[in-house]
Amino acid sequence: SLVCASLMLTAGAIADRVGRRTVLLFGVVIFCIGSVLAAAATSIAMLIAGRAVMGLGAAASEPGTLAMIRQIYRKPGPRARAIGLWVATAGTALALGPVVGGLLIALADWRAIFWFNLALGAVLLVAAIVYVPKDANLLPKGGLDLGGFVFGAAFLACGAFAIIDGETAGYDSPGVITLFVISGLALVVFLLIERVAKVPMIPRTHMGRVVNSSLLVNFAMYFGIFSIFFFTALYLQEVLSYSGGRIAATFAPMAITLIISSIISGRWVASVGPRTPMVVGCILAATGIALTDIAVVRDGGTFDIAVALGIAGVGFGLGIVPTTTAVLSAVPPEHSGAAASMVNTARQVGAVIGVAVLGSMVISTMTSDLTARMNRLGVGDY
């Protein structure tokens, strides 16, 4: 996830110059190679390296799928409906990933997950070669923004890793503070480079209020999705001792409503524009998160938690489609790779930060609560 989030902007900007279809296919190949490395891993280091290679492949391939939608569907209405299907597909993957992974582990072992990825990647590579059209509206190949590539990736990588590492090392540790400082300096240099670059990685003339607010909402949506998904599942498993099947059943309404509402949102955006669906989606997502919290705190049963998660899923589906549509529509076709990368980077960073920051809060709360309980019981000197 860290590699993927760090390199998406770079991959999208390169795709606008050398070809989005080319970079997409290259990304799928790299993802398959990373899957082989992970499946054949004989150590934790090799497994992590394989996962990093998979992240590189994902960074190259995923933005290309959105960029090609921008190229194929030139009219706003059909484009919004296509993006609705794109988000629904992503929601389906989010829901099926843990289920399929669990089944593969039950039938074989953890290596089967990566061999499955290889087989799926090979099928998708053939399908992409056959069905994905050739590129159009490319930027000139010269004038790559190398400074922007380096410092943009450094800003994202150091910042995201500092947040992740701070969860265990502590946010006041010298290493984490150093990473935050490097990330901040890299951001300053990146912004300065983008102001003077002839062909900036991010088209600054189109970074207006609509694009910025849409990216912020997209970040918040995926912050919420991955946070509620990860921590609710952890609670159900570790505290309530739910089985894997019962956890999957509890989350099924969220997955189903996210998929259905994404398709509906695409049609809604096509008819009224992105603003109203975006606002309604944010309200329903917040309501679903709040209701989930209430159900968990009160030790609600499976039904109560499932209903709350289902409401959150409706909000997520309604809200993500208009944010994506707004960004792709505001940026010209020749920068569609960069636009798709911005959307996916906001999504990926939201997921990484959501789990890391809230994970740190969970650990801090558990530690202080345990310390207080131990002191009350007079066990040791805490």
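In case you missed it, the structure is sitting above this.
Here the structure is a predicted model, which is why all the values come from computation and not from measurement. (Residues numbered from 1 in each chain as written. Predicted model: local features only at pLDDT ≥ 70, side-chain atom pairs only at ≥ 80, totals over all residues. Heavy atoms only, no water.)

Novice: Help me get a handle on the overall build of the protein chain, residues and values and all.
Specialist: On a plain count of helices and strands, the protein chain comes out with 12 helices and 0 strands. Mapped from its N terminus to its C terminus, the protein chain presents α and β elements in the order α-α-α-α-α-α-α-α-α-α-α-α. In terms of overall size, the protein chain behaves like a compact globule, its C-alpha atoms giving a radius of gyration of 21 Å where 382 residues would be expected to give roughly 21 Å. With the C-alpha coordinates aligned to their principal axes, the bounding extent of the protein chain is approximately 70 × 45 × 45 Å. Residues counted as buried form 45% of the 382 residues belonging to the protein chain. Considering only residue pairs separated by 6 or more positions, the protein chain has 80% of its internal contacts joining residues 24 or more positions apart. (Helix = DSSP H or I, 4+ residues; strand = E, 2+ residues; numbered from the N terminus. Rg over C-alpha atoms; globule rule 2.2 N^0.38 Å. Buried < 20%, exposed > 50% of the residue type's maximum accessible area, 1.4 Å probe, protein only. Contact = heavy atoms within 4.5 Å.)

Novice: I'd love a proper account of the layout of surface pockets, names of residues and values included.
Specialist: In this structure, the second largest pocket spans a volume of roughly 660 Å³. Looking at the second largest pocket, it is lined by 23 residues, and the ones nearest its centre are Ser 227, Phe 231, Thr 232, Tyr 235 and Val 362. Breaking the lining of the second largest pocket down by element, the ones donating at least two residues are helix 8 (209-238), helix 10 (275-297) and helix 12 (336-377). With 10 residues, helix 8 is the largest single contributor of residues to the lining of the second largest pocket. Its residues placed into classes, the lining of the second largest pocket shows 14 nonpolar, 6 polar and 3 charged. (1 Å grid on protein atoms, 1.4 Å probe; cavity = no way out; pocket = protein on both sides within 12 Å on 5 of 7 lines; lining within 4 Å. Points joined across faces, edges and corners; volume = space filled by probe spheres on them. Nonpolar A, V, L, I, M, F, W, Y, C, P; charged D, E, K, R; others polar.)

Novice: Describe a nonpolar patch on the surface, with residues and values.
Specialist: A cluster of nonpolar residues, Val 126, Ile 129, Val 130 and Tyr 131, forms a patch on the protein surface that exposes about 460 Å² of accessible area. For Tyr 131, a relative accessible area of 68% gives the class exposed. (Patch = residues over 30% accessible without salt bridge, like charges linked within 9 Å, V, L, I, M, F, W, Y side chains within 5 Å. Areas by Shrake-Rupley, 256 points an atom, 1.4 Å probe, with all protein chains shown as cover. Salt bridge = Lys/Arg side-chain N within 4 Å of Asp/Glu carboxyl O.)

Novice: Got a sec to walk through empty space enclosed by the protein? Specific residues and values, please.
Specialist: Counted according to the given criterion, the structure contains 1 cavity of 30 Å³ or more. By volume, the largest cavity is sized at about 40 Å³. Taken together, Ala 11, Gly 12, Ala 15, Arg 20, Val 23, Ala 59, Ala 60, Pro 63, Gly 64 and Ala 67 form the lining of the largest cavity. Elements that contribute at least two residues to the lining of the largest cavity include exactly helix 1 (2-18), helix 2 (20-39) and helix 3 (44-72). Partitioned by chemical class, the residues of the lining of the largest cavity number 7 nonpolar, 2 polar and 1 charged.

Novice: For helix 2, give the residues involved together with the corresponding values.
Specialist: Between the first and last C-alpha of helix 2 there are 28 Å, a value that for 20 residues agrees with the 28 Å anticipated at 1.5 Å per step. Within the span of helix 2, buried status applies to Arg 20, Val 23, Leu 24, Leu 25, Gly 27, Val 28, Ile 30, Cys 32, Gly 34, Ser 35, Ala 38 and Ala 39. As for helix 2, its buried residues are in contact with helix 1, helix 3, helix 5 (111-131) and helix 12. (Expected span 1.5 Å × (residues − 1).)

Novice: Could you give me a rundown of the state of the cysteines, with the residues and numbers involved?
Specialist: Here, the word disulfide means a covalent bond between the sulfur atoms of two cysteines. Scanning all chains against the criterion turns up 0 disulfides. Distance from the sulfur of Cys 32, which forms no disulfide, to the nearest cysteine sulfur (Cys 4) is 15 Å. Here Cys 158 stays free of any disulfide, with the sulfur of Cys 4 as its closest cysteine sulfur at 17 Å. Judged by relative accessible area, which is 16%, Cys 158 ranks as buried. (Disulfide = S-S within 2.5 Å.)

Novice: For the side chain of Asn 218, give the residues involved together with the corresponding values.
Specialist: Inspection of the secondary structure puts Asn 218 in helix 8. Those residues in contact with Asn 218 that sit more than four places away from it in its chain are Ile 320, Thr 323, Thr 324, Val 343, Ala 346 and Arg 347.

Novice: Outline the packing of aromatic side chains, listing residues and values.
Specialist: Inspection of the entire model under this criterion finds 5 aromatic pairs. Taken together, a centroid distance of 5.0 Å and an interplanar angle of 85 degrees make the contact between Phe 230 and Phe 231 edge-to-face. A residue is classified by how much of its surface remains accessible, and Phe 230, at 39% relative accessible area, is partly exposed. A cation over an aromatic ring shows up here: Arg 347 above the ring of Tyr 222, its NZ or CZ 5.4 Å from the ring centre. (Phe/Tyr/Trp six-rings, centres within 6.5 Å; stacked < 30°, edge-to-face > 60°. Lys NZ or Arg CZ within 6 Å of the ring centre and 35° of its normal.)

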